[in-house]
Amino acid sequence: MIKFKNVSKRYGEVAALDKASFKISSGEFLFITGPSGSGKTTIIRLILREIFPSSGKIEVDGIDLSQLPTKKVPDLRRKIGVVFQDFKLLPDQTVFENVALALKVLGKDEAEIEKEVGNVLKLVDLADRADFFPAQLAGGELQRTCLARAVVSKPKIVLADEPTGNLDIASGWQITKLLKEINKLGKTVVIATHNFEIVDSLKARVIELDKGKVISDKEKGKYKVK
Amino acid sequence: MKNHFKTTWTHIRRSPYQAAAAVTIMVLTFFIASIFILIAAGSQQILHYFETRPQVTAFFKDETTMDQVENLQAKLVASGKVESTKYVSKEEALSIYREQNKDDPLLLEMVTANILPASLEVSAKDISHLGGVAEILRGEPEVEEVIFQEEVVEALRSWTSNIRKIGGGLVIFLGLVSFLIILVIIGMRVAARRKEIKILQLIGATSWYIRTPFVFEGIFYGAVGAFLAWGATYLLLLYATPLLVSFLAGIPLLPVPILFMLGLLGGEILVGVLIGTIGSLIAVKRYLR
């Protein structure tokens, strides 16, 4: 599903990612861990083709990203749902409208949007907050809204960039459990995090980074760098 | 499409002053364009009126007899340059005068048939013969004054050409200003919504999905500006028509046909839409880099 082969990303003299190689299979649930600045977000941005690698090759769902024309980038991103640490919700739109946005860009009709958004808001336990604006929500609710937007269009891959970073422990667990449930629906779920409690307790595959290098890649791994 | 219209309307509603500035500059441009188009079309029509009526009018001295008039008519026909002649007696001149000024009793007072001269209206076969015919008439002792339209036509030609040049230049200049205003306003809109655009890009929105509401906004400014300017021009024209009709006595120019005005509306909306579309497309392309 996702392949990184000797991928490096440099900003001048600084290596954000250094010859990283790994494969993520379809339907996998894994963590990418490491301290701040270790390259976790760089991997997410490379998968989304927000940035280009300085060297190496990236494949997502069989597509070589270096060969992907700019006008085809939206097609790639429609296969990927993203949960952002800073939520990236539109402040002037309600929870329903923010989630519906992911379906509107696909050109879905009103009836389908109504149905799908209703279902996903029930899944993330936000049905009673549909008409609330982001400013009226707590941190956990904001992140669940972001998660709902990421999965409403039924993407093959869900990327979560520090999804628990701005949340209290209980809300962080709630989000992680939801991501695990989404994985059970057959989605590939990749979580970039430095929340060692969650990583250690879930016993999933862990790709660990330090200073841009992959220092370990283990099934049922743990988070060593603390 | 419905979504895009909704987003466009939201953009406009949230910054009404920017929207008002864009529409106002469009109205100004199209108002001036409409005025110049109407003046240019009108003067072209007047020119055509005079060109298709190659006439010379000779006014007779009061003591001129009908024999002298008939001799002159025969002489003119013999010259081969004349299509027809028509004698207008003092009494006929008075009734024409009364008809032209029937709404202005002040002008009718004190005017009798004796004050007005009898005249001979001579239609030349071609406008180029007007000078020759005028020369023949000026050589006759019973003729007091000769007027013919060659000078009028020349003056009109020069006026029409100048109106076209000045009006065209002014409209191009204002069109350019409108275009730049659209560019700046849409650019500001895009810059203000940069965060929203980034989110849309990350969730897989195509460039066209992002661009469309901004392009619709440009089209809205162009079309609404053109329509309001056309409406204002038409109202002004309807208000001024009675005054212009008496000023252009005898020249069948007014009222302006509704089809002409509808054509003008269609043309202006088309140009407005073009300015709005191109301006907003360039702005979005420039700011979305």
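## Brief notes about the confidence of the model for chain B
Now for step 1: Summary statistics for chain B give a mean pLDDT of 84 and a share of 97% for residues scoring 70 or more.
Now for step 2: The complex prediction reports pTM at 0.70, with the ipTM value standing at 0.88.

## Some thoughts on the interface of chain B and chain A
Now for step 1: Counting residues at the interface gives 10 residues for chain B and 12 residues for chain A.
Now for step 2: Counting residues per element, the side of chain B that touches chain A draws most heavily on helix H8 (residues 194-202) of chain B, at 4 residues.
Now for step 3: Here the side of chain B that touches chain A is composed, by residue class, of 6 nonpolar, 3 polar and 1 charged.

## Quick look at helix H6 (residues 130-138) of chain B
All names here are of chain B.
Now for step 1: Taken residue by residue, H6 has Leu130, Val133, Ile136 and Leu137 as its buried positions. The arc enclosing the buried residues of H6, seen along the axis, measures out at 125 degrees, which places them on a common side. Opposite the buried face of H6, by more than 90 degrees, sit the exposed residues Glu135 and Arg138.

## With respect to unusual backbone geometry
Now for step 1: The backbone of A:Arg49 shows a phi angle near 55 degrees, a positive value even though the residue is not glycine.
Now for step 2: With respect to the element layout, A:Arg49 can be found in the loop between helix H1 (40-47) and strand E4 (55-60).

## Thoughts on the nonpolar core
Now for step 1: In terms of nonpolar packing, the biggest core is built from 68 residues, with A:Ile47, A:Val99, A:Val117, A:Leu147, A:Ala148, A:Val158 and A:Leu159 touching the most fellow members.
Now for step 2: With 7 residues, helix H3 (residues 95-104) of chain A is the largest single contributor of residues to this core.
Now for step 3: When neighbours within four sequence positions are excluded, A:Ile47 is seen to be in contact with A:Ile2, A:Val60, A:Ile80 and A:Leu159.
Now for step 4: Of all hydrophobic cores here, the second largest spans 31 residues; its members include B:Ile12, B:Ala22, B:Trp230 and B:Ala283.

## Re the sheet that holds strand E5 (residues 63-64) of chain A
What holds strands together in a sheet is hydrogen bonding between their backbones, with the strands either parallel or antiparallel.
Residues and elements named next belong to chain A.
Now for step 1: The sheet built from 4 strands is open, its strands ordered E2-E1-E4-E5 with antiparallel pairing. At either end of the open sheet lies a strand with only one pairing partner, and these are strand E2 (14-24) and E5.
Now for step 2: For E4 and E5, the ladder comprises 2 bridges, and the chain directions are antiparallel. Residue Glu59 lies in a different strand from E5, and its bridge partner there is Asp64.
Now for step 3: Sitting on the sheet, H1 touches strand E1 (2-11), E2 and E4, and the angle it makes with E1 is about 115 degrees.

## Quick notes on the pairing of strand E3 (residues 119-124) of chain B
Residue and element names in this part refer to chain B.
Now for step 1: Where strand E1 (residues 55-60) lies against E3, 5 bridges are found, and the strand directions are antiparallel. Following the sheet pairing, Val56 is matched in E3 by Val122.
Now for step 2: Bridge analysis of strand E2 (residues 82-88) against E3 gives 6 bridges, and the strand direction is antiparallel. Note on E3: the bridge partner recorded for Thr85 is Val122.

## Concerning the pairing of strand E9 (residues 205-210) of chain A
Put simply, side chains in a regular strand alternate between the two faces of the sheet.
Residue and element names in this part refer to chain A.
Now for step 1: Inspection of the sheet shows strand E3 (residues 29-33) paired to E9 by 4 bridges, in the parallel sense. Along E9, the bridge assignment pairs Phe31 with Val206.
Now for step 2: Both E9 and strand E10 (residues 213-218) contribute to a ladder of 5 bridges, which runs antiparallel. Along E10, the bridge assignment pairs Asp210 with Lys213.
Now for step 3: Between E9 and E10, which pair antiparallel and follow one another directly, the connecting turn spans 2 residues, one of which, Lys211, has a positive phi of 50 degrees.

## So, the environment of A:Ile113
Residues and elements named next belong to chain A.
Now for step 1: Its place among the elements puts Ile113 in helix H4 (residues 110-123).
Now for step 2: Residue class for Ile113 comes out buried when judged on the 21 C-beta atoms lying within 10 Å of it.
Now for step 3: As for Ile113 and Phe87, which are separated by 26 residues in sequence, their C-alpha atoms are 21 Å apart.
Now for step 4: Residues in contact with Ile113, not counting those within four places in the same chain, are Ala100, Leu103, Lys104 and Lys108.

## What about the domain arrangement of chain B?
Now for step 1: Here chain B is partitioned into domain 1 (2-50 + 154-287) and domain 2 (54-148).
Now for step 2: Distance from the C-alpha centre of domain 1 of chain B to the C-alpha centre of domain 2 of chain B: 49 Å.

## Observations concerning the sheet that holds E10(A)
All names here are of chain A.
Now for step 1: With respect to topology, 6 strands assemble into an open sheet ordered E6-E7-E8-E3-E9-E10, the strand pairing being mixed. In this open sheet, the two strands that pair with only one neighbour each are strand E6 (80-83) and E10. Adjacent strand axes in the sheet meet at a mean angle of 15 degrees, parallel and antiparallel pairs treated alike.
Now for step 2: Judged from the 5 bridges that link them, E3 and strand E8 (residues 188-193) form a sheet pairing that is parallel. The residue of E8 that forms the bridge with Leu30 is Val190.
Now for step 3: Here helix H6 (residues 169-184) sits on the sheet in contact with E3, strand E7 (157-161) and E8, set at roughly 155 degrees to E8.

Rules used throughout
Residues numbered from 1 in each chain as written. Chains lettered and ligands numbered in written order. Predicted model: local features only at pLDDT ≥ 70, side-chain atom pairs only at ≥ 80, totals over all residues. pLDDT = per-residue confidence, 0-100. Contact = placed C-beta atoms within 7 Å. Helix = DSSP H or I, 4+ residues; strand = E, 2+ residues; numbered from the N terminus. Nonpolar A, V, L, I, M, F, W, Y, C, P; charged D, E, K, R; others polar. Buried ≥ 20, exposed ≤ 12 C-beta atoms within 10 Å, placed from the backbone. Arc of directions from axis to C-beta. Core = buried A, V, L, I, M, F, W, Y, C linked by C-beta atoms within 7 Å. Pairing = 2+ DSSP bridges. Axes fitted to C-alpha atoms, helices over the stretch in contact; angles between N-to-C directions. Domains from an automatic or database assignment.

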